[in-house]
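# What the coordinates show
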Amino acid sequence: MSVYTESLNKLIEELGKLPGVGPKTAERLSFYILKAEPAEAMKLARAISDVKNKIKHCEICYNLSEEATCQICCDPRRDKAIICVVEQPKDVIALEKTGACKWVYHVLGGHIAPLEGVEPSDLTIDKLVERVRKGNVKEVIMATNPNMAGDGTALYISSLLKPTGVKITRLARGLATGSTIEYASGKMLTDAIIGRQQLQ
Ligand SMILES: [Zn+2]
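One structure accompanies this document, and this report is about it.

### What about the overall build of the protein?
Check the secondary structure of the protein and you find 8 helices and 7 strands. The C-alpha atoms of the protein give 21 Å as radius of gyration, which overshoots the globular expectation for 200 residues (16 Å, by more than 25%). Scored against the burial criterion, the 200 residues of the protein give a buried share of 38%. Counting every atom, the protein has about 12,100 Å² of accessible surface; 58% of that belongs to carbon and sulfur. Where the 27 positive side-chain charges of the protein centre and where its 24 negative ones centre are 5 Å apart.

### Examining the side chain of Arg78
In this structure, Arg78 sits in the loop between helix H4 (71-74) and strand E3 (79-86). Taking the relative accessible area as the measure of exposure, Arg78 reaches 14% and is therefore buried. A distance of 2.9 Å separates the side chain of Arg78 from the backbone oxygen of Trp103, its partner in a polar contact. Apart from the residues within four sequence positions on either side, Arg78 is in contact with Ile72, Glu96, Cys101, Lys102, Trp103, Val104 and Tyr105.

### Some points on the pairing of strand E4 (residues 103-107)
Within E4, 5 of the 5 residues are buried, leaving the element largely enclosed by the surrounding structure. Bridge analysis of E3 against E4 gives 5 bridges, and the strand direction is parallel. Across the sheet, residue Val85 finds its bridge partner in E4, namely His106.

### Topic: the layout of surface pockets
Its volume calculated, the largest pocket comes out at about 280 Å³. Lining of the largest pocket is provided by 14 residues; of these, Ile60, Ile83, Arg131, Lys134 and Val137 occupy positions nearest its centre. Elements that contribute at least two residues to the lining of the largest pocket include exactly E3 and helix H6 (125-133). The element that contributes the greatest number of residues to the lining of the largest pocket is H6, accounting for 3 residues. Its residues assigned to classes, the lining of the largest pocket shows 6 nonpolar, 2 polar and 6 charged. As a volume, the second largest pocket reaches approximately 230 Å³. If you trace the second largest pocket, you find it lined by Leu11, Glu14, Leu15, Leu18, Ile33, Ala41, Met42, Leu44, Ala45 and Ile48. When residues of the lining of the second largest pocket are traced back to their parent elements, those giving at least two are helix H1 (6-15) and helix H3 (38-54). When the residues that make up the lining of the second largest pocket are grouped by side-chain class, the tally is 9 nonpolar, no polar and 1 charged.

Reading the values: the criteria
- Residues numbered from 1 in each chain as written.
- Predicted model: local features only at pLDDT ≥ 70, side-chain atom pairs only at ≥ 80, totals over all residues.
- Heavy atoms only, no water.
- Helix = DSSP H or I, 4+ residues; strand = E, 2+ residues; numbered from the N terminus.
- Rg over C-alpha atoms; globule rule 2.2 N^0.38 Å.
- Buried < 20%, exposed > 50% of the residue type's maximum accessible area, 1.4 Å probe, protein only.
- Areas by Shrake-Rupley, 256 points an atom, 1.4 Å probe, with all protein chains shown as cover.
- Lys, Arg positive; Asp, Glu negative; His and termini not counted.
- Charge placed at Lys NZ, Arg CZ, Asp CG, Glu CD.
- Polar contact = N/O pair within 3.5 Å; in protein donor to acceptor, adjacent residues only side chain to side chain.
- Contact = heavy atoms within 4.5 Å.
- Pairing = 2+ DSSP bridges.
- 1 Å grid on protein atoms, 1.4 Å probe; cavity = no way out; pocket = protein on both sides within 12 Å on 5 of 7 lines; lining within 4 Å.
- Points joined across faces, edges and corners; volume = space filled by probe spheres on them.
- Nonpolar A, V, L, I, M, F, W, Y, C, P; charged D, E, K, R; others polar.

Right, here's the structure in full:
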């Protein structure tokens, strides 16, 4: 028998599923929401519902967007001849924070991991190849994570792109092997961008 009402229990249970939120925190947050002004609490509920209902993937680069095409793809100042390939939307944010990027992106939606059941066809790799084949692309920068899965994914993609003759580069190794783009510092990312090297 629980000491809480059913709906309060449900809220504690759901908040407790969030990363980094233990049972104690879930309980504290739930009581905070319970005591909050209805309008304030509903703002939170609406924000959750909006991210699920309004956010979709850009139809060109698969970055997060509330429109059919994302802000980066729509930006006329971006060099569309350079495509930076990343695993997740979070990597776009990390790279954009450096202020060193004038290119457009391609978000794969993860990395190839056969043991976890992620095959190339589960990612947006075919869409990337299509983009490059359409022409007008000079360089593809592989900015997948510098770990085994990221390296493997970059190699697989570069083998597919090789026949197109496009220049393929990989972010420099200033990024520690095994690390992730998401958690790299801005300085490290900027160095990795400037020092990027040609693959193959
Ligand atoms: Zn886009």
